[in-house]
Amino acid sequence: MTELSDLKPVKDIPGWFPWLDQRLFAHFLSEDAVVPRGDLVELGTYMGKSAALIGQFLNPGETFTVLDLFGATPGDEPNAVENARSYSRLTRDRFEQYYLSVHDELPVIVQDYSSAIVDHVKPGTARFVHVDASHLYEHVAVDVGSARRIMLPDGVVVFDDFRSWHTPGVAAGVWEAVIDRGLRPIATSLQKFYGTFGDPAPHQDRLIGWVRSHPRHRFETVEIAGHPLVRVWDDESVARQKGGGDAKSANLSRISADVAALDKRLTVIDRRLAAVQRDLAERSQSTGRRALRAARRWAASARR
Ligand SMILES: C[S@@+](CC[C@H](N)C(=O)[O-])C[C@H]1O[C@@H](n2cnc3c(N)ncnc32)[C@H](O)[C@@H]1O
């Protein structure tokens, strides 16, 4: 079985691809996977971090198709806003350069909306589909339908960001598909949802065996609407995520404390300023009175 340590590293490619998910991808793409042969597909490549890893599992005769807008501005306003905010540095050239830093050949590249994937991959051919394009519910819902159409019956589909605070649309699309559209959970990591439109049991048995043989990994089986799901994690990733959260809230409370202290100092400064103004007003009044008295004295002496 191929492990992450057998692969060329993708650490120098910019992107969002946690260590645990890299290991899980290697697990689900390995030559002894439940579905070991078939095409590979990625929707949303960014600079190619996950694509460069997936591409290392391409067997002779298989096709790896990647799709991205590669910086083209989507006509859809919310999608355009998200892409401008998060992916402004992306160009197709950059993706190709990064991909070729790990591979000798490029995959099949489609520059289009994710909905166009069904025009480039034949129905029922993919063993592994990574959905990591738009985070908007309407798009994810279409991607679910496309994945179902292009996948082999027991192939694996992975949805990124299924539980992040900034991507509720992905959560909505994924869980709707579980409840209503035949998507069966296999597993979840901290960032990704692994599922199939076929039978999840053989995938889950194999996954549990793998987790048990890796002392740093943990798992628990839970049921969601009657469907078993294997939660997989490792203590370091959980600690890092918690640490990130704790660090953020610690920063926020430091900032609020600073603002409160500044507020207090401003109130003191305001009071002092008011006192100085009162003092100045009094002084100018008494200076005026003194000047008036002097002028009267001078006028009286001049009259004498
Ligand atoms: C989160 S990034 C992908 C990250 C990448 N898989 C990695 O591991 O580093 C999302 C990508 O989806 C692309 N994208 C956003 N909306 C899209 C859409 N409607 N159709 C196709 N691609 C889209 C963006 O250009 C961006 O490169």
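One can find the structure itself at the top, above this paragraph.
Residues numbered from 1 in each chain as written. Predicted model: local features only at pLDDT ≥ 70, side-chain atom pairs only at ≥ 80, totals over all residues. Heavy atoms only, no water.

A. The overall build of the chain, seen in detail. When helices and strands are tallied, the chain shows 8 helices and 9 strands. Over its C-alpha trace the chain gives a radius of gyration of 32 Å, far above what one expects of a compact globule, namely 19 Å for 304 residues. Overall, the C-alpha framework of the chain stretches about 125 × 40 × 40 Å when taken along its three principal axes. A fraction of 71% describes how many contacts in the chain between residues 6 or more apart in sequence connect residues 24 or more apart. Only carbon and sulfur atoms are counted for the fraction: they give 54% of the accessible area of the chain, which is about 16,600 Å². A distance of 20 Å separates the average location of the 39 positive side-chain charges in the chain from that of its 40 negative side-chain charges. (Helix = DSSP H or I, 4+ residues; strand = E, 2+ residues; numbered from the N terminus. Rg over C-alpha atoms; globule rule 2.2 N^0.38 Å. Contact = heavy atoms within 4.5 Å. Areas by Shrake-Rupley, 256 points an atom, 1.4 Å probe, with all protein chains shown as cover. Lys, Arg positive; Asp, Glu negative; His and termini not counted. Charge placed at Lys NZ, Arg CZ, Asp CG, Glu CD.)

B. Summary view of the packing of helix H5 (residues 137-150) against helix H6 (residues 168-180). Where H5 contacts H6, the axes come no closer than 8 Å and their chain directions differ by 35°. With respect to the hand of their crossing, H5 and H6 are arranged in right-handed fashion. Taken together, the residues of H6 that come into contact with H5 (itself represented by Tyr137, Val140, Ala141 and Val144) are Gly169, Val170, Ala172, Gly173, Glu176 and Ala177. Residues belonging to the contact of H5 with H6 are distributed by class as follows: 7 nonpolar, 2 polar and 1 charged. (Axes fitted to C-alpha atoms, helices over the stretch in contact; angles between N-to-C directions. Left-handed = near helix turned anticlockwise from the far one by under 90°. Nonpolar A, V, L, I, M, F, W, Y, C, P; charged D, E, K, R; others polar.)

C. Examining the side chain of Glu62 more closely. Relative to the helices and strands, Glu62 is located in the loop between helix H2 (49-54) and strand S2 (64-68). Taking the relative accessible area as the measure of exposure, Glu62 reaches 10% and is therefore buried. Polar side-chain contacts of Glu62 include one of 2.8 Å to the side chain of Arg37. In terms of polar contacts, Glu62 uses its side chain to reach the backbone amide nitrogen of Asn59, at 2.9 Å. With residues near it in sequence (within four places) discarded, Glu62 still touches Pro36, Arg37, Gly38, Asp39, Phe57 and Arg127. (Buried < 20%, exposed > 50% of the residue type's maximum accessible area, 1.4 Å probe, protein only. Polar contact = N/O pair within 3.5 Å; in protein donor to acceptor, adjacent residues only side chain to side chain.)

D. Up close: the packing of aromatic side chains. Tallying each qualifying case throughout the model produces 14 aromatic pairs. Geometrically, the ring pair formed by Phe17 and Phe25 is edge-to-face, given 4.8 Å between the ring centres and 65° between the ring planes. Residue class for Phe17 comes out buried when judged on its relative accessible area of 6%. With a centroid separation of 6.5 Å and an interplanar angle of 45°, the aromatic rings of Phe64 and Tyr99 are classed as tilted. On the criterion of sequence distance, the pair formed by Phe64 in strand S2 and Tyr99 in helix H4 (residues 92-100) is long-range, its members being 35 residues apart. A single burial state applies to Phe64 and to Tyr99, both of which are buried. One aromatic cluster in this structure is built from Phe17, Phe25, Phe28, Phe128 and Tyr194. (Phe/Tyr/Trp six-rings, centres within 6.5 Å; stacked < 30°, edge-to-face > 60°.)

E. Here's a closer look at the pattern of salt bridges. Following the criterion strictly, the structure yields 10 salt bridges and no others. The closest approach of N and O atoms between Arg127 and Glu62, which form a salt bridge, is 2.8 Å. Here Glu62 lies in the loop between H2 and S2 and Arg127 lies in strand S4 (residues 126-131), a separation of 65 residues in the sequence. Across the pair, exposure class does not vary: Arg127 and Glu62 are buried alike. (Salt bridge = Lys/Arg side-chain N within 4 Å of Asp/Glu carboxyl O.)

F. How the structure looks around empty space enclosed by the protein. Within this structure, the stated rule accounts for 2 cavities of 30 Å³ or more. One number sums up the size of the largest cavity: a volume of about 60 Å³. Lining the largest cavity, in full, are His27, Phe28, Ala33, Val34, Val35, Arg127, Val156, His203 and Arg206. Those elements giving two or more residues to the lining of the largest cavity turn out to be helix H1 (19-29) and helix H7 (201-212). Classifying every residue of the lining of the largest cavity by side-chain character gives 5 nonpolar, 2 polar and 2 charged. What lines the second largest cavity is simply Val131, Asp132, Ala133, Ser134, His135, Val140, Phe159, Asp160 and Val170. Counted by class, the lining of the second largest cavity contains 5 nonpolar, 2 polar and 2 charged residues. (1 Å grid on protein atoms, 1.4 Å probe; cavity = no way out; pocket = protein on both sides within 12 Å on 5 of 7 lines; lining within 4 Å. Points joined across faces, edges and corners; volume = space filled by probe spheres on them.)

G. Representation of the site of the ligand. Not every one of the 22 residues close to the ligand is listed here, only the nearest: Ser50, Asp68, Asn79, Ser114 and Asp132. In this structure, Ser50 approaches the ligand through a side-chain N or O atom, which is 2.8 Å from an oxygen atom. A distance of 2.7 Å separates an oxygen atom of the ligand from a polar side-chain atom of Asp68. Protein contact buries 98% of the 600 Å² of open area that the ligand shows by itself. Contributions of two or more residues to the shell around the ligand are made by H2, S2 and helix H3 (77-86). Here the residues of the shell around the ligand sort into 8 nonpolar, 9 polar and 5 charged. (Near = heavy atom within 4 Å.)

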